[in-house]
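Observations on chain architecture
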Amino acid sequence: QVQLVESGGRLVAAGGSLRLSCAVSGGSSRAYTMAWFRQAPGNEREFVASTFRNSGSTQYGNSVKGRFTISKDNAKNTLYLQMNSLQPGATAVYYCAAAGRATWSSQTRADVYDYWGQGTQVTVSS
């Protein structure tokens, strides 16, 4: 079974940058559609970014486009999220997820994903 472990979340000042990591075991990061979602208290889980299985083609949520970058190192079986120009609105628990059967159009939906990490807290201070 695939296991996902996020790391890198911490307190950061507004305007700063942070890189999150997701270590994949039990499967190949190349063979799965991989994604980052986030959820703040009182909010629905929000799609952040994804990279499609095998092709590695990326997709971004409208709220983060141009500021966040998703990437993978398949040799290390690790997914990354580079977050730049962080603002307090980015404060949330960030989750890594993997899907075996996502389509190009469905990869923004949380219910498509089969495996989830425990999440890592990102807090952006004013």
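All values derive from a computational prediction rather than experimental measurement. (Residues numbered from 1 in each chain as written. Predicted model: local features only at pLDDT ≥ 70, side-chain atom pairs only at ≥ 80, totals over all residues. Heavy atoms only, no water.)

Some remarks on the environment of M83
You can see M83 is positioned in strand β8 (residues 78-83). Residue M83 is classed as buried on the basis of its relative accessible area, which comes to 0%. Sequence separation between M83 and R53 is 30 residues; the distance between their C-alpha atoms is 22 Å. Residue contacts for M83: discarding those within four places in its chain leaves G16, S17, L18, L20, R67, F68, Y94 and V122. (Helix = DSSP H or I, 4+ residues; strand = E, 2+ residues; numbered from the N terminus. Buried < 20%, exposed > 50% of the residue type's maximum accessible area, 1.4 Å probe, protein only. Contact = heavy atoms within 4.5 Å.)

Digging into the nonpolar core
Ranked by internal contacts, the top residues of the largest apolar core, which has 27 residues, are W36, L81, M83 and Y94. Formed by 8 residues, the second largest nonpolar core is a distinct cluster that contains F37, F47, A99 and V112. (Core = buried A, V, L, I, M, F, W, Y, C linked by side-chain atoms within 4.5 Å.)

Here we look at the side chain of T120
Counting through the fold element by element, T120 comes out in strand β11 (residues 120-125). For T120, the contacting residues outside a window of four places in its chain are E6, S7, G8, G9, L20, A92, V93 and Y94.

Section: unusual backbone geometry
In this model, N54 sits at a positive phi of 65 degrees, which is unusual for a non-glycine residue. In this structure, N54 sits in the loop between β5 (46-51) and β6 (58-60). Despite not being glycine, N77 shows a phi value in the positive range, around 55 degrees. Along the polypeptide, N77 turns up in the loop between β7 (68-73) and β8.

Re the sheet that holds strand β3 (residues 18-25)
Strand order in the open sheet formed by 4 strands is β1-β3-β8-β7, with antiparallel pairing between adjacent strands. At either margin of the open sheet sits one strand with a lone partner, and together these are β1 (3-7) and β7. Along the sheet, successive strands turn relative to each other by an average axial angle of 15 degrees, direction set aside. Relative to β3, β1 runs antiparallel, the two being bridged by 5 bridges. In the strand pairing of β3, L4 is matched with V24. (Pairing = 2+ DSSP bridges. Axes fitted to C-alpha atoms, helices over the stretch in contact; angles between N-to-C directions.)

Observations concerning the state of the cysteines
All chains considered together, the criterion is met by 1 disulfide. Bridging C22 to C96, the disulfide has an S-S length of 2.1 Å. One quick way to see it: the torsion about the S-S bond of C22 and C96 is about -75 degrees, and its sign makes the bridge left-handed. Here the residue C22 occupies a position in strand β3, and C96 occupies one in strand β9 (residues 92-99), the gap between them amounting to 74 residues. (Disulfide = S-S within 2.5 Å.)

Description of the pairing of β8
Within β8, 5 of the 6 residues are buried, leaving the element largely enclosed by the surrounding structure. Bridge count for β3 against β8 is 6 bridges, and the pairing is antiparallel. Looking at β8, one finds that C22 is bridged to L79. As paired elements, β7 and β8 share 6 bridges and run antiparallel to each other. What sits directly across from D73, in β8, is T78. Count of turn residues in the β7/β8 antiparallel hairpin: 4 residues, of which N77 carries a positive phi of about 55 degrees.

Geometry only, nothing functional implied.
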